[in-house]
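Observations on chain architecture
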Amino acid sequence: PQVIELLTLRDVFCEEDINKIQEGLVIIRSHGVGPAPKLEFEKRGLSVLDATCPKVGKVQQTVAEQVQQGRHVIIVGERDHPEVRGLVGYGGEHCTVISSIEELESLPAFEKVTLLAQTTQNLEGFEKIRDRLIELYPDAVVKNTICAATRRRQDEIREMAGNVDAMIVIGGRSSGNTRR
């Protein structure tokens, strides 16, 4: 939020509603977006700087490829997170977002399934869901798409936590990275 505030002072604005963007340079943030907004920007003739994290871009491509192969993509993540909304944009109705084993077990049966993760998810939680998914779908394709840097940070914090009396995590209140 503080960075967005500083950018606003420099006439750079964060806009969630793409219909309000009629002119100027559009910068797609690191979380990325689905293909529909990109096409809309192109149709309007807007200049676009795609700053999507390369790792997120690779997951977007994976979603599209898996759907093209006739697979239903299950994404372990936060349903309303911008990254996840963008990923779902690449899979549409062939994507389902879950955050727990209970949600996995409540899904209808799919013929072919691929499991992916929001890049900032917790590895242990993903692995628990993965293990249950493989019990339900022995031929499931599982792709651990959690960012290696995120995993390292989470591991380092766990290790540090055993060696200190208190720890303060500084980050945005709505940041998945901060919360995890």
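Presented here is a report on the structure given in the accompanying data block. (Residues numbered from 1 in each chain as written. Predicted model: local features only at pLDDT ≥ 70, side-chain atom pairs only at ≥ 80, totals over all residues. Heavy atoms only, no water.)

1. Here's the deal with helix H6 (residues 123-136)
In a regular helix each residue adds 1.5 Å, so 14 residues correspond to 20 Å; H6 covers 20 Å between its end C-alpha atoms and thus fits that length. Buried residues of H6: Leu-123, Phe-126, Ile-129 and Leu-133, and no others. Mapping the buried residues of H6 onto a view down its axis gives an arc of 125°, with all of them on the same face. For H6, exposure combined with an orientation more than 90 degrees from the buried face picks out Lys-128 and Glu-135. Contacts made by the buried residues of H6 are with strand S3 (72-76), strand S4 (95-98), helix H5 (101-105), strand S5 (113-117), strand S6 (141-142) and helix H7 (148-161). (Helix = DSSP H or I, 4+ residues; strand = E, 2+ residues; numbered from the N terminus. Expected span 1.5 Å × (residues − 1). Buried < 20%, exposed > 50% of the residue type's maximum accessible area, 1.4 Å probe, protein only. Arc of directions from axis to C-beta. Contact = heavy atoms within 4.5 Å.)

2. Observations concerning the pattern of salt bridges
Any two side chains of opposite charge can pair, on the condition that their charged atoms come close. For the structure on display, the rule yields eleven salt bridges. The partner of Lys-43 in a salt bridge is Glu-40, and the shortest N-O contact between them spans 3.4 Å. Taken together, the positions of Lys-43 and Glu-40, both in helix H2 (residues 35-43) and three residues apart, correspond to about one turn of that helix. By relative accessible area, Lys-43 is classed as exposed at 69%. The shortest N-O distance in the salt bridge between Arg-132 and Glu-135 comes to 2.7 Å. With a gap of three residues between them, Arg-132 and Glu-135 both fall in helix H6, about one helical turn apart. Its relative accessible area of 24% is what places Arg-132 among the partly exposed residues. Taken together, the shared-partner salt bridges connect Glu-16, Arg-29 and Arg-85 into one network. (Salt bridge = Lys/Arg side-chain N within 4 Å of Asp/Glu carboxyl O.)

3. Notes on unusual backbone geometry
In the Ramachandran plot, Asp-11 falls in the positive-phi region, its phi being about 65° despite a non-glycine side chain. As for its position among the elements, Asp-11 is in the loop between helix H1 (2-9) and strand S1 (25-28).

4. Overview of the nonpolar core
One finds Ile-74, Leu-115 and Leu-133 to be the most contacted residues of the largest nonpolar core, which totals 15 residues. Secondary structure elements with two or more residues in this core: S3, S5 and H6. Sorting elements by how many residues they give to this core places H6 first, with four residues. Not counting residues up to four positions away in its chain, the partners in contact with Leu-115 are Ile-74, Val-76, Phe-126, Ile-129, Arg-130, Leu-133, Val-141, Val-142 and Lys-143. Counting residues in each nonpolar core, the second largest holds ten residues, with Val-63, Val-67, Leu-87 and Leu-116 among its members. (Core = buried A, V, L, I, M, F, W, Y, C linked by side-chain atoms within 4.5 Å.)

5. So, the packing of helix H3 (residues 54-68) against helix H4 (residues 82-91)
In the contact formed by H3 and H4, the axes pass within 8 Å of each other and the chain directions differ by 30°. It follows that H3 is roughly parallel to H4 by the angle criterion. For the element pair H3 and H4, the recorded crossing hand is right-handed. Every residue of H4 that contacts H3 at Val-56, Val-59, Gln-60, Val-63, Ala-64 and Val-67 is listed here: Glu-83, Leu-87, Tyr-90 and Gly-91. (Axes fitted to C-alpha atoms, helices over the stretch in contact; angles between N-to-C directions. Parallel < 35°, antiparallel > 145°, perpendicular 65-115°, else oblique. Left-handed = near helix turned anticlockwise from the far one by under 90°.)

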